[in-house]
Amino acid sequence: MNSQNDSILDVQGIIKDFGGLRAINHVSLQIREGEVRGLIGPNASGKTTLINLISGMYKVDDGHIYLNGKRIDGLEPDQIASRGVMRTFQISRIFRNMTVLENVMVPALAQGQSLFEARRHAEELLDFALLTRLKDEPARSLSGGQAMLLQIVRGFVHQDLRLYLMDEPFAGVHDVIKGVILKTIKTMNEERKITFLIVSHEMTTISSVCHHVTVLDKGEVLSQGTMEEVANDPAVIDSYLGG
Amino acid sequence: MLEKNYVLQGSWKGIASPFVLFLVLLGLTPLVFNHPFYRHVLTLIFLFAFLSVAWNLISGYGGLFSLAHAAFFGVGAYTTAILYVDYKVSPWVGLPLGGILGVVVASIIGFATFRLRQFFFVLSTLACYEAIRALFGYWRLGVKTGLGTTIPRSVGFMNLTFNKELPYNYIAFALLVIVVLVARLVTASKFGYYLRAIKDDEDAALSMGVRVPRVKLMIFGMSAFFTAVGGGFYAMYIGYIEPNTVFSVDLMLQYILYAIVGGMATLGGPVLGSLVLVPLTIFLQGFVGGKLASLGFFIYGIVLIVTIILAPGGMMGGIRSVSKKLLRGMFF
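Because the structure is predicted, anything quoted here is derived from the model rather than measured.

**Q** Is there a simple way to think about the overall build of chain A in this case?
**A** Helices and strands together make up the secondary structure of chain A, namely 9 helices and 10 strands. Computed over the C-alpha atoms, the radius of gyration of chain A is 18 Å, within 12% of the 18 Å expected from 2.2 N^0.38 for a compact globule of 243 residues. Dimensions of chain A, computed from C-alpha atoms along their principal axes, come out at roughly 50 × 35 × 35 Å. Residues classed as buried in chain A amount to 49% of the 243 residues present. In chain A, the share of contacts with a sequence separation of at least 24, taken over all contacts with a separation of at least 6, comes to 65%.

Quick look at the structure:
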């Protein structure tokens, strides 16, 4: 078995158990290069677990994950990152005791950039995300929305970024910052051809940025397609309304 | 001003001025105090500052509170002493060899403990230390002269044995300068960024591509190397070793305390802590310890509690905070 040719990410029948609970049950998912895919579903449907499995934070119990046709399940998170996969966390996990600028420099340095290059790239990105005036502030002083924006911007400093996994990037974020995040995603998708897998509960936002949507429920793929298609899928309506 | 410090942490500018001046003045003190007892105190200040900076590498900058350092110290002390006493190898060769053996031991401990976090890591390093101490206590490890042995005094530079205190002063001071430079080099480099990121959030650092296990292993090894070298120097300086003395938790707790009180994750903190607390320790041992043996530890405890409550950032944190207020008062 190998991945489909045009898929940057090919998840094949993965399973993840936590004790007696099956969090992910035979999930298969293909994402084409340059696609912005939404991942939605009710609470505890396995969305974050799936992100953790793809990024290597959790190990799959069965099944395989391919990135550009090469298996990545079993690799450590830093190895997956070096292959061009970055991620964000649902609750911002910034380096609180480093400055905003240093936060963005860390992944750049980890990918082999010199201190000078990392600083230059980080400054460019902060400028793009309108965070320049905060660059020398300790990251712990940022608001929730600013911290989320920083967390997102941090990943883009990876020069060979191919796939960006975002876990609830719009949750609890002010509309202005939400706008900056959306603009950043669209620009990076168009200009750098970065592929996105975005977990979110915000349907309106998801529909404005995602080409396709995958719906998870109880650890299984319930539906896939355009936003319109999944919104009219009776199984999805049933799942969301608790029928 | 606070923001300024953050920026400076990643550059060489931070080492300039006050701390360099402080080190230079510290280096001149043996010339000012020529009484053998005061010079003995200075040797201990430099040695403990050296050990404290070495421990601070992994525990202050890396955020991994290690209690295995008593084992590295003992390994270094025994390596240097055994090579010198049994095989006539110069301590100048024994010190780095002891350091390398310390790195080997640290690598083994690291592989066993690095997946553990917080208290579990602390306890596991203590368990590893106990295992190594027991090994040295009950197994002769090929030592001809016995585990408790006096190191023969054959005066000479190559034997790291002197009749006067001054050479010990400057050798210990040189060790301190080396470890300070290495610590500065580490914190100003990419490696320093990784360490601070790991300390803040290990999972986030991993997901950003930081090779966390490798970074931890390298800093643990570096810290163990210097601690073992310190053990070797201590053995030659004291002239006698036995397991309970060189594999000593009490001794390790001293330089840990100096780093905490002085200010963890700072360059000057461990040095400042040693400068203040080593003389206090000697005073307590010499003038109070005889009558009330445990009073020293009681006072130690008080110092630690007061520091944690009043200045969580240690003396360096206190100095920064006061100087910030003073500057504000001057300019605003």
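**Q** Any chance you could explain the nonpolar core here in plain terms?
**A** Across soluble globular proteins, you tend to see nonpolar side chains buried next to one another. Core analysis: the biggest nonpolar cluster contains 174 residues, and Phe50(B) and Val210(B) have the highest contact counts within it. The residues contacting Phe50(B), other than those within four sequence positions of it, are Ala172(B), Leu175(B), Leu176(B), Val179(B), Phe226(B) and Gly230(B).

**Q** Explain the packing of helix α12 (residues 249-262) of chain B against helix α14 (residues 295-310) of chain B here, please?
**A** When two helices pack together, their arrangement is given by the angle between their axes and by how far apart the axes lie. All names here are of chain B. Orientation of α12 relative to α14, taken along the N-to-C sense of each, is 30°, at an axis distance of 9 Å. With respect to their mutual orientation, α12 and α14 come out roughly parallel. When you trace α12 past α14, the crossing you get is left-handed. Residues Leu257, Ile260 and Val261 of α12 touch α14, and the partners they reach there are Tyr300, Val303, Leu304 and Thr307.

**Q** Help me understand the packing of helix α2 (residues 18-32) of chain B against helix α7 (residues 166-188) of chain B, please; the structure alone is not making it clear to me.
**A** All names here are of chain B. Remark: α2 packs on α7, axes separated minimally by 9 Å, with the N-to-C direction vectors making an angle of 165°. As far as their axial angle goes, α7 and α2 are roughly antiparallel. Remark: the crossing between α2 and α7 carries right-handed chirality. Across the interface between the two elements, Leu23, Gly27 and Pro30 from α2 touch Leu166, Asn169, Tyr170, Phe173, Val177 and Val180 from α7. Within the contact of α2 with α7, the residues separate by chemical class into 7 nonpolar, 2 polar and no charged.

**Q** How do you make sense of the sheet that holds strand β4 (residues 62-67) of chain A when you look at a structure like this?
**A** Residue and element names in this part refer to chain A. Pairing is antiparallel in the open sheet, where 4 strands are placed in the order β2-β1-β4-β5. Both edges of this open sheet fall to β2 (21-32) and β5 (70-71), since each of them pairs with a single strand only. Together, β1 (7-18), β2 and β4 form the strand contacts of helix α1 (residues 47-54), whose direction differs from that of β2 by roughly 65°.

**Q** What is the right way to read α14(B) from this model?
**A** An α-helical turn contains 3.6 residues, so a residue and the one three or four places further along point in the same direction. Taking 1.5 Å as the rise per residue, α14(B) with 16 residues should run 22 Å; its terminal C-alpha atoms sit 22 Å apart, in good agreement. Little of α14(B) is tucked away: 1 of the 16 residues are buried.

**Q** Hey, could you run me through unusual backbone geometry in this one?
**A** Among all residues save glycine, negative phi is the norm, and among peptide bonds the norm is trans. The backbone of Glu168(A) sits at a positive phi, close to 50°, despite the residue not being glycine. For Glu168(A), the position within the fold is in the loop between β7 (163-167) and α6 (175-191). The class of Glu168(A) is buried, set by 20 C-beta atoms lying within 10 Å. A positive phi angle, near 50°, is found at Leu160(B), a position not held by glycine. Counting through the fold element by element, Leu160(B) comes out in the loop between β1 (149-150) and α7.

**Q** Quick question: what am I supposed to make of the environment of Tyr164(A) here?
**A** Secondary-structure assignment places Tyr164(A) in strand β7. The class of Tyr164(A) is buried, set by 25 C-beta atoms lying within 10 Å.

Quick notes on the rules
- Residues numbered from 1 in each chain as written.
- Chains lettered and ligands numbered in written order.
- Predicted model: local features only at pLDDT ≥ 70, side-chain atom pairs only at ≥ 80, totals over all residues.
- Helix = DSSP H or I, 4+ residues; strand = E, 2+ residues; numbered from the N terminus.
- Rg over C-alpha atoms; globule rule 2.2 N^0.38 Å.
- Buried ≥ 20, exposed ≤ 12 C-beta atoms within 10 Å, placed from the backbone.
- Contact = placed C-beta atoms within 7 Å.
- Core = buried A, V, L, I, M, F, W, Y, C linked by C-beta atoms within 7 Å.
- Axes fitted to C-alpha atoms, helices over the stretch in contact; angles between N-to-C directions.
- Parallel < 35°, antiparallel > 145°, perpendicular 65-115°, else oblique.
- Left-handed = near helix turned anticlockwise from the far one by under 90°.
- Nonpolar A, V, L, I, M, F, W, Y, C, P; charged D, E, K, R; others polar.
- Pairing = 2+ DSSP bridges.
- Expected span 1.5 Å × (residues − 1).

It is worth stressing that arrangement in space is one thing and function is another; only the former is reported here.
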